[in-house]
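Residues per chain, in single letters:
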Amino acid sequence: MKLIWGIFKRDICHATRNVIAVIVSMGLVVVPALYAWFNIAASWDPYGNTKALKVAVANTDKGYKSELVPVRINVGETIISTLRANDQLDWQFVGRDKAIDGVKSGDYYAAIVIPKQFSADMMTLFSANIKHAQLKYYLNEKINPIAPHITDQGATTVVNTIDKTFAKTIAQVGLDLASNVLRYSKSPQMAQYMENLNSNLNTMVSTLTGASQQVASYSQLLGSANDIVDSTNQLLQSTTVAGKQAKNTLKQGKSGATSLTAAGKSITSSVNTALNQASSALDAVANKTDKAFDTLGKDSAEAAQQLKTLSDQVAESQSVYDTYLASLQHMRTSVEQLPDSDKAKQPLLDAIDREITLLTAAQGDTQKLAQRLDNASKQITQSTASAAQSHAEIRSQITSAKQSISTVRDDYSANVKPKIDALASSVSTLISQTGNVISQLSGTTDSLNDVTSNVGTNIASIRSTLDGIATKLNSSATTLNTLITAMNSSDNGAENSNELKSLTTSNASTLSTLISAPVALHRVAVYPIANYGSAMAPFYTILSIWVGAIILCAMLKVTISDREKAHVLGLGDTLPRIAGPSGPGNASRWGLQLRHEYFGRYTIFLLLALLQGTLVCLGDMYFLGVQANHALQFLAVGWLAALVFSNIVYTLTVSFGDIGKAIAVVLLVMQVAGSGGTFPIETLPKFFQILYPFLPFPHAIDAMHAAMAGSYGNEYLLDMVYLALFLIPSLLLGLVLRKPVIRLNNWVSRNLESTKVM
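Description of the structure in this document. (Residues numbered from 1 in each chain as written. Predicted model: local features only at pLDDT ≥ 70, side-chain atom pairs only at ≥ 80, totals over all residues. Heavy atoms only, no water.)

### Quick look at the overall build of the chain
- Helix and strand content of the chain: 23 helices and four strands.
- For the chain, the residues scored as buried account for 37% of the 758 residues in total.
- If you take every contact in the chain between residues at least 6 apart in sequence, the share linking residues at least 24 apart comes to 78%.
- In the form shown here, the chain has an accessible surface area of approximately 42700 Å², with 59% of it arising from carbon and sulfur atoms. (Helix = DSSP H or I, 4+ residues; strand = E, 2+ residues; numbered from the N terminus. Buried < 20%, exposed > 50% of the residue type's maximum accessible area, 1.4 Å probe, protein only. Contact = heavy atoms within 4.5 Å. Areas by Shrake-Rupley, 256 points an atom, 1.4 Å probe, with all protein chains shown as cover.)

### Let's talk about the sheet that holds strand 1 (residues 54-59)
- Strand order in the open sheet made by the four strands is 2-1-3-4, with mixed pairing throughout. At either end of the open sheet lies a strand with only one pairing partner, and these are strand 2 (90-93) and strand 4 (136-139). Geometrically, the sheet is characterised by an average inter-axis angle of 20° between neighbouring strands, direction not taken into account.
- Two strands pair when backbone bridges link them, and strand 3 (residues 110-114) and strand 4 are joined in this way by four bridges, in the antiparallel orientation. (Pairing = 2+ DSSP bridges. Axes fitted to C-alpha atoms, helices over the stretch in contact; angles between N-to-C directions.)

### Observations regarding the nonpolar core
- Judged by nonpolar contacts, the single largest core of 62 residues is most densely connected at Ile 542, Trp 546, Phe 605, Val 644, Phe 645 and Tyr 650.
- Put simply, the parts of the chain that give this core at least two residues each are helix 2 (19-42), helix 14 (532-555), helix 16 (594-624), helix 17 (631-656), helix 18 (658-674), helix 20 (696-709), helix 21 (715-724) and helix 22 (727-736).
- Residues within four places of Phe 605 in sequence aside, it is in contact with Leu 552, Cys 553, Leu 556, Lys 557, Val 558 and Tyr 650.
- By size, the runner-up hydrophobic cluster in this structure holds 15 residues, among which are Tyr 324, Leu 325, Leu 328 and Ile 356. (Core = buried A, V, L, I, M, F, W, Y, C linked by side-chain atoms within 4.5 Å.)

### Thoughts on helix 2
- With 24 residues, helix 2 should reach 34 Å at 1.5 Å per residue; the first-to-last C-alpha distance of 33 Å fits that figure.
- A maximum bend of about 30° is found in helix 2 at Val 30, where proline Pro 32 lies one to four positions downstream.
- On its buried face, helix 2 is in contact with helix 1 (2-15), helix 14 and helix 16. (Expected span 1.5 Å × (residues − 1). Bend = angle between axes of the 7 residues up to and from the residue.)

### Topic: the pairing of strand 3
- Counting buried residues along strand 3, five of its five residues qualify, which places the element largely inside the surrounding structure.
- Residues Ala 110, Ile 112 and Ile 114 point to one face of strand 3 and Ala 111 and Val 113 to the other, with burial holding for every one of them.

### Section: the pattern of salt bridges
- The full count for this structure, using the stated rule, is four salt bridges.
- With a shortest N-O distance of 3.0 Å, Arg 601 and Asp 11 are connected by a salt bridge. Taken together, the residues Arg 601 in helix 16 and Asp 11 in helix 1 connect sequence positions 590 residues apart.
- Overall, Asp 11 belongs to the buried group, its relative accessible area being 7%.
- A salt bridge links Asp 658 to Lys 661, with the nearest nitrogen and oxygen atoms 3.6 Å apart. Highlighted residues: Asp 658 and Lys 661, both in helix 18, separated by three residues, approximately one helical turn.
- Given the relative accessible area of 58%, Asp 658 is considered exposed. (Salt bridge = Lys/Arg side-chain N within 4 Å of Asp/Glu carboxyl O.)

### Remarks on the side chain of Gln 627
- Tracing the backbone shows Gln 627 in the loop between helix 16 and helix 17.
- Using a relative accessible area of 14% as the deciding quantity, one classes Gln 627 as buried.
- Within the structure, the side chain of Gln 627 is placed 2.6 Å from the backbone nitrogen of Ala 530, a separation counted as a polar contact.
- Aside from chain neighbours lying at most four places away, what touches Gln 627 is Pro 528, Ile 529, Ala 530, Ser 534, Met 708 and Ala 709. (Polar contact = N/O pair within 3.5 Å; in protein donor to acceptor, adjacent residues only side chain to side chain.)

### Considerations on the environment of Ala 284
- Along the chain, Ala 284 falls in helix 7 (residues 188-294).
- C-alpha of Ala 284 to C-alpha of Leu 310: the two residues are 26 residues apart in sequence and 9.5 Å apart in space.

### A word on the side chain of Gln 612
- Assignment of secondary structure puts Gln 612 in helix 16.
- Here the side chain of Gln 612 touches Leu 28 through a polar contact of 2.6 Å, landing on its backbone oxygen.
- Gln 612 has contacts with Leu 28, Val 29, Pro 32, Ile 545, Gly 548, Ala 549 and Leu 552, leaving out every residue within four places of it along the chain.

### Details of the packing of helix 16 against helix 22
- Direction vectors running N to C along helix 16 and helix 22 enclose 130°, while the axes themselves pass 9 Å from each other. Considering the angle they form, helix 16 stands oblique to helix 22. Between helix 16, through Arg 595, Tyr 598 and Phe 599, and helix 22, the contact on the second element is made entirely by Ser 730, Leu 731, Gly 734 and Leu 735.
- Taken together, the residues that form the contact of helix 16 with helix 22 break down as four nonpolar, two polar and one charged. (Parallel < 35°, antiparallel > 145°, perpendicular 65-115°, else oblique. Nonpolar A, V, L, I, M, F, W, Y, C, P; charged D, E, K, R; others polar.)

Below you can see the structure in the form of structure tokens.
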């Protein structure tokens, strides 16, 4: 503590050594206060000095006059008269062109132009086509960011004044009319009119009730006729459905018969062609086989080759059988589509199956022939002794194959084809005849169905209309009965008359004013602030204290020279050489530690910062007259803010040098934008809302507001505690993290100095 006190005493002596030093020291205390006072005074009552804002008003309203309202009405002139008595803004009454041009040139902040049809549009309230009367509002938004909002308020005031005046006039006319009606209702003529009206109304009730009952009877009679039509319609619908089902079945049968006929024709042609080709091919094979065995004695190899070739040709002829089998299968599929009730279906299927069996057997004989030819070609190359036997077997197999083909052809011609032709012809004839009958029946039922459907629909529509008429007639009769009861009730009439009389005999002007503005806004201020300057004082005061801390670090040295260290330690004018290069901590072996240097030099910073805070707070309260319900609390906020801010800026400068000063300026800019001092924090971007709790400005400003207008619960104490907590990271950096930061700062300083510019 002795070393810290020694550093502080020498700093005080140096700061007051001459007049210039004293003047500079005083300037360091006064400048932040001047910064705050100028800003607070400039914004003391901006919304109370709007009388100098020029707003042009141009009236081009032509007025309104009609047969219904014989008096000429000009709402625009009424607006002008009202605004001449209004001193909220500096109203300039000029022509339309001058008003618009003045807004563009900046002579006027805004302009209100009353259009030609303004009165006529307002009077459309009494017509079927209501139009909203519109004022044209021209605004120059580039002159000033706040002025548009002030002039907007003035324009809104004009609109509200017009609305209230118009509503008041209408209410006044209505009350006068009601008063005249009340006087007329007490005359003898009105009593006679009421008696005649009562008699006529009773007659109308009887007539409406009888007509309603008669219409209801007609509706019930039509309902009975509609039931008969519905029964007939259901019978016709069942007949139509049956006819459609039969027609669909006949269409399926006709399709099957057509397919069957086409398949029969195709197969007949393919059978003759295929079987004739197969038979001719076997004859050719027989001739070639004979020639092959005839050449056996001359050249057995040549004979074997010829037999092998014949075997391959016979094997290739299998495709003819495959084609024929595919055709038979297609025809069988077509026959299966015929109805099961057809007696010729199953015999035809049996004949086709037998034909498929015979054709398969013929295909097998052909395959055996190909195999025998292949075997014979192999045997004669080995031995010619069995050639005669092989020749005989091959000829026998050829004969068997030709017989199988003939059997297939004969069976098809005798059994299958006649049945197909006969079946297709009979089915086609039957389907055509039956189809014609069903088509005629369907057409007849459709026609009858349309007729009955239309009749039913028309009857339902007529009944609905009649029921609606009967309901409306009954409703009208009930309404008239209610009206007659109300007219005959002398008590209610007297009561209503008394209410109307009391209403019309009241002050018409007062009532019309109440109707035009039924709701009045009563403002109740919670923690009231005297004026706008007082409301902005915490922001500018806290801001000036931070600026003062930056100025102190910019003007005063934060490091202690070796000579000062030697004097404090009592070592003369210089430190011994063993102390090493000049810098923080080089006198630690003689007891002057880094913490002593930190607090020793910071003491004068703290003293000047407290003087800054005291001066600016006292000036706010007693020079400017800023509201402060709790003066001591107001001063305490200034002192704590001076302590915290000066320590933060001092620590940054001691630790990082000039870079620390730059960081302090950056923190200042961030807090000006994100402290919520001018606009609510909820209106700022999301980034500032997240950053808000981690800045010292908001807590200091909130604490000063609580000191000015009052605190809710422990609001003031909590904000002071939150503000004081910012000393913890600042002292942690200045005392604990100082050594590694010193090395980093020295490295940065050497690199900056090497540039010869920084």
